[in-house]
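Here is what each chain is made of, one letter per residue.
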Amino acid sequence: MSASRDEILGRLRRSLKRGALGEAEAAALQDRLAAHRPNLIPARATSLDAAGRVALFIELASEVEATVARVPDGAGAAAAVAEYLAQHNLPPRLVLAPDPQLDEIPWARQPLLEIRRGRAEESDAVGVTACFAAIAETGTLMLLSGPESPTRNNFLPDTDIVILRAGQIVASYEDGWARLRAARRRADGSVALPRTVNFITGPSRTADIEQRLVLGAHGPRRLHIILIDEAAPD
């Protein structure tokens, strides 16, 4: 634990009139942090095989106003992006996240698409990103912040298109965190977590005003998921 974090936690304990942790308490706390014991996990996801998890993810994502298109490969994904924009009368212009997961998709086969690679700006109406994982139990996308996956690319454009591979769909949130820890584990055993992990379930929405549901209140009005029926690259 870093010295700054120790100081912050120490101030909290003092404000709550608590003394320093005893040796046994500190050891128990460290064991709990290291064990990563899972919380209660709904059986509806863990009891399914890979195909069942994909089907459950699509079902639950669709229930919260996300749309899902299944394609066989990267070429199908590029075509699905162009088709989605045409169906919704959107200009064929988009900002593409600088994520290596998107490099294998043959965007050049869709010459009508105007693609800019980089961070989303206010003028970008459509953003295309990859994701780290997807959670079957709630139809949720798991996104990591970083230079290759700017957080703003999933929140600033009015239309968010996410490329997902079937092999990235896991049963539960705990499975997603376990996959993240495994992917970010250093040689010394520590884990380099990203600055932010975002979980997105459907497009942005609110019902704060008169209990009427409004889409796009605090983020994208549309969330379109293009599901490639192949495993994610290593």
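Computed from a predicted structure; not experimentally measured. (Residues numbered from 1 in each chain as written. Predicted model: local features only at pLDDT ≥ 70, side-chain atom pairs only at ≥ 80, totals over all residues. Heavy atoms only, no water.)

### Things to note about the overall build of the protein chain
The secondary structure content of the protein chain amounts to seven helices and twelve strands. Summarising its shape, the C-alpha atoms of the protein chain cover approximately 65 × 40 × 40 Å along the three principal directions. Long-range contacts, defined as pairs at least 24 residues apart, comprise 71% of the intrachain contacts of the protein chain with a sequence gap of at least 6. A gap of 6 Å separates the mean positions of the 28 positive and 30 negative side-chain charges of the protein chain. (Helix = DSSP H or I, 4+ residues; strand = E, 2+ residues; numbered from the N terminus. Contact = heavy atoms within 4.5 Å. Lys, Arg positive; Asp, Glu negative; His and termini not counted. Charge placed at Lys NZ, Arg CZ, Asp CG, Glu CD.)

### What about unusual backbone geometry?
The phi torsion at K17 lies on the positive side, around 65°, for a residue other than glycine. Position of K17 among the secondary structure elements: in the loop between α1 (3–15) and α2 (23–35). Of the residues examined, K17 reaches a relative accessible area of 76% and is grouped as exposed. We note that E65 has phi near 75°; this positive angle belongs to a residue other than glycine. Inspection of the secondary structure assignment puts E65 in the loop between α4 (50–63) and β1 (67–71). (Buried < 20%, exposed > 50% of the residue type's maximum accessible area, 1.4 Å probe, protein only.)

### Considering the sheet that holds strand β8 (residues 169–170)
Strand order across the open sheet formed by four strands is β8-β5-β6-β9, with mixed pairing between neighbours. Only two strands of the sheet have a single neighbouring strand rather than two, namely β8 and β9 (197–200). Here strand β5 (residues 133–135) pairs with β8 via two bridges, running parallel. The residue bridging A134 from the neighbouring strand is I169, located in β8. Here helix α7 (residues 173–183) sits on the sheet in contact with β5, β6 (140–144), β8 and β9, set at roughly 25° to β6. (Pairing = 2+ DSSP bridges. Axes fitted to C-alpha atoms, helices over the stretch in contact; angles between N-to-C directions.)

### Quick word on the pattern of salt bridges
This structure, assessed with the given rule, holds seven salt bridges. R221 serves as the salt-bridge partner of D158, at 3.2 Å between the closest nitrogen and oxygen. Taken as a pair, D158 in the loop between α6 (152–155) and β7 (159–165) and R221 in the loop between β11 (214–215) and β12 (222–228) lie far apart in primary sequence, 63 residues in all. By relative accessible area, which is 28% here, D158 ends up partly exposed. A relative accessible area of 41% places R221 in the partly exposed class. Residues joined in a network through salt bridges with shared partners are E7, R11 and R14. (Salt bridge = Lys/Arg side-chain N within 4 Å of Asp/Glu carboxyl O.)

### So, the sheet that holds β12
Read from one edge of the open sheet, six strands run β1-β12-β7-β4-β2-β3, paired in parallel fashion. In this open sheet, the two edge strands, each paired with only one partner strand, are β1 and β3 (114–117). Adjacent strand axes in the sheet meet at a mean angle of 25°, parallel and antiparallel pairs treated alike. As judged from the seven bridges shared by β7 and β12, these two strands associate in the parallel manner. The partner of I161 across the bridge, within β12, is H224. Sitting on the sheet, α4 touches β1, β7 and β12, and the angle it makes with β1 is about 150°.

### Some thoughts on the packing of aromatic side chains
Summed over all chains, the structure comprises two aromatic pairs. Joined through ring pairs, the aromatic side chains of Y173, W177 and F199 make up one cluster. (Phe/Tyr/Trp six-rings, centres within 6.5 Å; stacked < 30°, edge-to-face > 60°.)

### Structural notes on the side chain of E137
Here E137 lies in the loop between β5 and β6. Residue class for E137 comes out buried when judged on its relative accessible area of 8%. For E137, the side chain forms a polar contact with the main-chain nitrogen of Y173, separated by 3.2 Å. E137 has contacts with P42, R44, A45, L56, L60, A171, S172, Y173 and E174, leaving out every residue within four places of it along the chain. (Polar contact = N/O pair within 3.5 Å; in protein donor to acceptor, adjacent residues only side chain to side chain.)

Shape descriptors only; they carry no functional weight alone.
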